[in-house]
Amino acid sequence: SDLDTGDYAGWVNLFTEDGAFHMFGHSTVGQAALRAFIEADQPEHLRGLHMTTDSLISFEAEDRARVRSSFLFISSGDDAGVVVAAGWYHDILVPRGDRWLFLEREAELFGPVASPPWGRKGFDDPAVTPWFAVKRSTPPERRGPMPAAG
């Protein structure tokens, strides 16, 4: 998938039919809802570069894996690139045919994030809407153990 160029269908197809994406205290479940979410979240003028690194994979069974990865989202600012968000993805993947797909993906923020038009917003900023302060959005009973950082 090349979400950064607007390949919404490719991004959605990385999820199972009932796949879920959790971010900022909200959960989006199912491919139709995921498509609507990503089209609204990543319009052309807000796209940038999503970078995912340092994935730690833990197999719970032959048909289920948990993955913890670091991520950065960088976009254009007025004078230079801006780190809009950084943190960790907490994923549950399951096989479908010859591919492994997301059953769950949660984005956990590392700290303050920039917001459109990429001005700094932090947890201590009173102008921030409450969802910026939410770090983990997957309900605790659905989390299970994650691989520890090395």
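Residues numbered from 1 in each chain as written. Predicted model: local features only at pLDDT ≥ 70, side-chain atom pairs only at ≥ 80, totals over all residues. Heavy atoms only, no water.

## Some details on the confidence of the model for the protein chain
No. 1: In this model, the protein chain carries an average pLDDT of 82, and 75% of its residues clear a pLDDT of 70 or more.
No. 2: Element-level pLDDT for the protein chain is lowest in strand S8 (residues 119-121), with a mean of 52, against a maximum mean of 96 in helix H1 (residues 8-12).
No. 3: Contacts of residues 125-135 to residues separated by more than four positions or lying in other chains number 19 contacts, the stretch itself having pLDDT below 50. (pLDDT = per-residue confidence, 0-100. Helix = DSSP H or I, 4+ residues; strand = E, 2+ residues; numbered from the N terminus. Contact = heavy atoms within 4.5 Å.)

## Some details on a nonpolar patch on the surface
No. 1: A cluster of nonpolar side chains, contributed by Leu49, Met51, Leu72 and Val83, occupies part of the molecular surface with about 300 Å² of accessible area.
No. 2: Among the secondary structure elements, methionine 51 is positioned in strand S3 (residues 48-61). (Patch = residues over 30% accessible without salt bridge, like charges linked within 9 Å, V, L, I, M, F, W, Y side chains within 5 Å. Areas by Shrake-Rupley, 256 points an atom, 1.4 Å probe, with all protein chains shown as cover. Salt bridge = Lys/Arg side-chain N within 4 Å of Asp/Glu carboxyl O.)

## Observations regarding the nonpolar core
As a rule of thumb, nonpolar side chains are buried together in soluble globular proteins.
No. 1: Within the largest apolar cluster, 19 residues are counted, with the highest numbers of intra-cluster contacts made by Trp11, Phe15, Phe21, Leu34 and Ala107.
No. 2: Counting residues per element, the ones that place at least two in this core are H1, strand S1 (15-23), helix H2 (31-41), strand S4 (64-76), strand S5 (81-96) and strand S6 (99-109). (Core = buried A, V, L, I, M, F, W, Y, C linked by side-chain atoms within 4.5 Å. Buried < 20%, exposed > 50% of the residue type's maximum accessible area, 1.4 Å probe, protein only.)

## Focus: the sheet that holds strand S2 (residues 26-29)
No. 1: Read across the sheet, six strands follow the order S2-S1-S6-S5-S4-S3 without closing on themselves; strand pairing throughout is mixed. The open sheet is flanked by S2 and S3, the only strands paired with a single partner. Neighbour-to-neighbour, the strand axes of this sheet turn through a mean angle of 20°, independent of strand direction.
No. 2: Pairing of S4 with S5 involves twelve bridges; the strand directions are antiparallel. Looking across to S5, one finds that phenylalanine 73 is bridged to alanine 85.
No. 3: Here H2 sits on the sheet and contacts S1 and S2; the angle it forms with S1, its principal contact strand, is near 45°. (Pairing = 2+ DSSP bridges. Axes fitted to C-alpha atoms, helices over the stretch in contact; angles between N-to-C directions.)

## A few points about H2
Structural remark: α-helix, 3.6 residues per turn; residues separated by three or four positions point the same way.
No. 1: If you check which residues of H2 are buried, you get Gln31, Leu34 and Ile38. The arc enclosing the buried residues of H2, seen along the axis, measures out at 55°, which places them on a common side. Those residues of H2 that are exposed and angled more than 90 degrees off the buried face are Ala32 and Ala40.
No. 2: Elements that come into contact with the buried residues of H2 comprise H1, S1 and S2. (Arc of directions from axis to C-beta.)

## Considering the pattern of salt bridges
No. 1: One pass over the structure, following the stated rule, counts four salt bridges.
No. 2: Among the ionic pairs, arginine 35 bridges to glutamate 39, the shortest N-O distance being 2.4 Å. Taken together, the residues span about one helical turn, with arginine 35 and glutamate 39 both in helix H2 at a distance of four residues.
No. 3: Salt-bridge contacts for aspartate 91 lead to arginine 105; the nearest nitrogen and oxygen are separated by 2.7 Å. Taken as a pair, aspartate 91 in strand S5 and arginine 105 in strand S6 lie far apart in primary sequence, 14 residues in all.

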